[in-house]
Amino acid sequence: MKIPLQISFHDMPVSPALETLIREKAAKLEQFHPNMTGCRVVVDKPHNHSQQGEQFAVTVDVSVPGANLVVNHVRNEDANVAVRDAFLAARRQVEDHVKRKQAEVRHPGQTPMAEAPEAPEA
């Protein structure tokens, strides 16, 4: 990774165990796109609501050449599970990005079949 991993904790104390887990997940994510230029992770514990348990929100922002991929809808009562789910979603986005870029290289200028306009009916 060209820019070091950035980890932020909001509304909660810094957790060395969670930070280690995030570093491991980010290193593994880099295997799916070796040209990753940056990764920013925010672990947030939003204000408590009396009717809901504590929820941890995790945002993963991955920078790759030509795109900035963001995962930000991951919430769970367990911070470790929220981190795991966020990195799984980020991995899917990185893999999809790589597939799209490979398709563009193979077929430059062509519209994918799913986006092609339908032929008018006679």
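Refer to the structure presented above.
These lines cover the structure that appears in this document, whether it is placed above or below. (Residues numbered from 1 in each chain as written. Predicted model: local features only at pLDDT ≥ 70, side-chain atom pairs only at ≥ 80, totals over all residues. Heavy atoms only, no water.)

1. A look at the layout of surface pockets
Okay, step 1: One number sums up the size of the second largest pocket: a volume of about 160 Å³.
Okay, step 2: Broken down by secondary-structure element, the contributors of at least two residues to the lining of the second largest pocket are helix H1 (16–30) and helix H2 (79–106). (1 Å grid on protein atoms, 1.4 Å probe; cavity = no way out; pocket = protein on both sides within 12 Å on 5 of 7 lines; lining within 4 Å. Points joined across faces, edges and corners; volume = space filled by probe spheres on them. Helix = DSSP H or I, 4+ residues; strand = E, 2+ residues; numbered from the N terminus.)

2. A look at the pattern of salt bridges
Okay, step 1: Evaluated as defined, the whole model comprises three salt bridges.
Okay, step 2: Across the pair glutamate 19 and arginine 23 runs a salt bridge whose closest N-O atoms are separated by 3.1 Å. Highlighted residues: glutamate 19 and arginine 23, both in helix H1, separated by four residues, approximately one helical turn.
Okay, step 3: Using a relative accessible area of 23% as the deciding quantity, one classes glutamate 19 as partly exposed.
Okay, step 4: Ionic pairing is found between arginine 84 and aspartate 85, a salt bridge with its closest N-O pair at 2.9 Å. (Salt bridge = Lys/Arg side-chain N within 4 Å of Asp/Glu carboxyl O. Buried < 20%, exposed > 50% of the residue type's maximum accessible area, 1.4 Å probe, protein only.)

3. Comments concerning the nonpolar core
What tends to happen in soluble globular proteins is that the nonpolar side chains get buried as a cluster.
Okay, step 1: Leu18, Ile22, Val41, Val43, Val60 and Val62 are the most contacted members of the largest nonpolar core, which has 29 residues in total.
Okay, step 2: Counting residues per element, the ones that place at least two in this core are strand E1 (6–10), H1, strand E2 (38–44), strand E3 (56–64), strand E4 (67–76) and H2.
Okay, step 3: If you tally residues by element for this core, the top one is H2, at eight residues.
Okay, step 4: The residues touching valine 43, leaving out its near neighbours within four places in the chain, are Ser8, Phe9, His10, Met12, Leu18, Ile22, Ala57, Val58 and Val83. (Core = buried A, V, L, I, M, F, W, Y, C linked by side-chain atoms within 4.5 Å. Contact = heavy atoms within 4.5 Å.)

4. Brief notes about unusual backbone geometry
Okay, step 1: The residue aspartate 11 is not glycine, and still its phi comes out positive at about 60°.
Okay, step 2: Inspection of the secondary structure assignment puts aspartate 11 in the loop between E1 and H1.

5. Re the sheet that holds E4
Okay, step 1: Strand order across the open sheet formed by four strands is E1-E2-E3-E4, with mixed pairing between neighbours. The sheet is open, and its two borders are formed by E1 and E4, each paired with just one other strand. The sheet shows a mean angle of 10° between the axes of neighbouring strands, direction not considered.
Okay, step 2: Direction of pairing for E1 relative to E2: parallel, over a ladder of five bridges. Bridge pairing links isoleucine 7 to valine 41 in E2.
Okay, step 3: This element, H1, spans E1, E2 and E3 of the sheet and lies at about 140° to E1.
Okay, step 4: Along the sheet, H2 makes contact with E2, E3 and E4, crossing E4 at roughly 150°. (Pairing = 2+ DSSP bridges. Axes fitted to C-alpha atoms, helices over the stretch in contact; angles between N-to-C directions.)

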